[in-house]
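The lines below spell out each chain.
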Amino acid sequence: MKKILKIMGFTVLMVVFIVIGFAVYKHQTDGVLRAMINHDESKLAYSPSKDTIGIGGYNFEEYQIQVNDSITTYNYLFKTPIKCKGYVFFIHGSGGNALYLSKLYKSLIDAGFSVYAADWRGYGKAEGSPNYKGVLEDTEIAFADFLSKTKNDSLKTIVYGISLGGQLAIKITKDNQDKVDALVLDGAFESAQQIAIDYAPFDFLKNRVRNHPEDFNQIYIGSRDIKEIKNTPKLIIHSVNDQNVPFSHGEHLFKNALEPKNFWKTETLHIMTLRDLPNGAIKRINELIR
């Protein structure tokens, strides 16, 4: 009997060591898991790129924006080669940067829209490390610069946000409803908290996220803020094949949005509507501002 108990005790001890060893290994090698446990938002939510190779053959201007004493961002205004019919304030997502993603703007530029692409600290040429308060500050200052460079005529203004940038697009539109003529969202988050729940690999982390909503970007929550945008036309695009942001996010944003609004269910990869369905996108945007 003692021998059996000794064997059982040894077995339990070995299992405990294996579990602890696996947990330590996962913590050291899984960046997402480590960021969740440590609440490291700069690693969890943002994947900035320094690659600034964009599309060629288009006329654009680069603007250095002094956000504060230590942060300078770089934003870009791509000018349409044909008669301009509107301005797009474009907010990218967690990956890439404003120049790297410029291939997405091609269909907008060719269709007669000039595109102001806003970048954040840590992205492209900008130094610093992104965080949710910082990227909001960068976006708000970029939007003020966008207005100063484009609001000298009666052309329409469109705020266009993709993925994580969708929440910021909603926030900017909510705070500037008299200056924005249309809002377009593609593959947008309904909230950072819900994304964290969706991606948490273990139930204890999911429950931790659910029980502590204050940890997740309470300054701007897409599904909450969109309820306050009253008369601005909205186009919400989401793909049923989106592997990055679940389709339910787009559905919840549309449900919470006030009229006038339209929902476009696509079958592209994440945020690839402008690249893969340019004609449909331009047609719907034209209808939005008509």
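Scroll up to find the structure this text is about.
Note that the structure is a prediction, hence the values are computed from the model and not measured.

Draft legend 1. Structural detail: the nonpolar core. Core analysis: the biggest nonpolar cluster contains 37 residues, and Phe89, Val159 and Leu185 have the highest contact counts within it. Put simply, the parts of the chain that give this core at least two residues each are β2 (60–66), β4 (86–91), β6 (113–118), α5 (132–150), α6 (165–175) and β8 (182–186). Top contributing element to this core by residue count: α5, with 7 residues. Apart from residues no more than four positions distant in its own chain, Val159 is found in contact with Phe89, Ile91, Phe143, Ala169, Ile172, Thr173, Val180, Ala182, Leu183 and Val184. Core analysis: the next-biggest nonpolar cluster, separate from the first, contains 35 residues, Ile55, Phe78, Leu101 and Ile158 among them.

Draft legend 2. Molecular detail of the pairing of strand β9 (residues 234–239). Of all 6 residues in β9, 6 are buried; the element is thus mostly enclosed. Residues Lys234, Ile236 and His238 line one face of β9 and the alternating positions Leu235, Ile237 and Ser239 line the opposite face, and both faces are buried. Where β8 lies against β9, 4 bridges are found, and the strand directions are parallel. Within the sheet, the bridge partner assigned to Leu185 lies in β9 and is Ile236. Relative to strand β10 (residues 261–266), β9 runs parallel, the two sharing 6 bridges. The residue of β10 that forms the bridge with Leu235 is Asn262. Taken together, β9, helix α10 (residues 247–256) and β10 form a β-α-β motif whose crossover is right-handed.

Draft legend 3. Inspection of the pattern of salt bridges at higher detail. Taken as a whole, this structure holds 12 salt bridges when the rule is applied. Of the charged contacts, one joins Asp276 and Arg275 as a salt bridge, the two residues approaching to 2.7 Å between their closest N and O atoms. When salt bridges that share partners are traced, they join Arg121, Glu137 and Asp138 into one network.

Draft legend 4. How the structure looks around the packing of aromatic side chains. For the structure shown, the criterion picks out 17 aromatic pairs. An aromatic cluster is present here, built from Phe60, Tyr76, Phe78, Phe90, Tyr105 and Tyr160 joined pairwise through their rings. A cation sits over an aromatic face here: Lys149 above Tyr63, 4.3 Å from the ring centre. Stacked on the ring of Phe254, the Lys or Arg Lys261 has its end atom at 4.4 Å from the ring centre.

Draft legend 5. Helix α8 (residues 203–211), seen in detail. When we look at burial in α8, the residues that qualify are Leu205, Lys206 and Val209. Seen end-on, α8 carries its buried residues on one side only, within an arc spanning 105 degrees. Residues of α8 that are exposed and point over 90 degrees away from its buried face: Asp203, Phe204 and Asn211.

Procedures and definitions
- Residues numbered from 1 in each chain as written.
- Predicted model: local features only at pLDDT ≥ 70, side-chain atom pairs only at ≥ 80, totals over all residues.
- Heavy atoms only, no water.
- Core = buried A, V, L, I, M, F, W, Y, C linked by side-chain atoms within 4.5 Å.
- Buried < 20%, exposed > 50% of the residue type's maximum accessible area, 1.4 Å probe, protein only.
- Helix = DSSP H or I, 4+ residues; strand = E, 2+ residues; numbered from the N terminus.
- Contact = heavy atoms within 4.5 Å.
- Pairing = 2+ DSSP bridges.
- Right-handed = clockwise from strand over helix to strand, strands pointing away.
- Salt bridge = Lys/Arg side-chain N within 4 Å of Asp/Glu carboxyl O.
- Phe/Tyr/Trp six-rings, centres within 6.5 Å; stacked < 30°, edge-to-face > 60°.
- Lys NZ or Arg CZ within 6 Å of the ring centre and 35° of its normal.
- Arc of directions from axis to C-beta.

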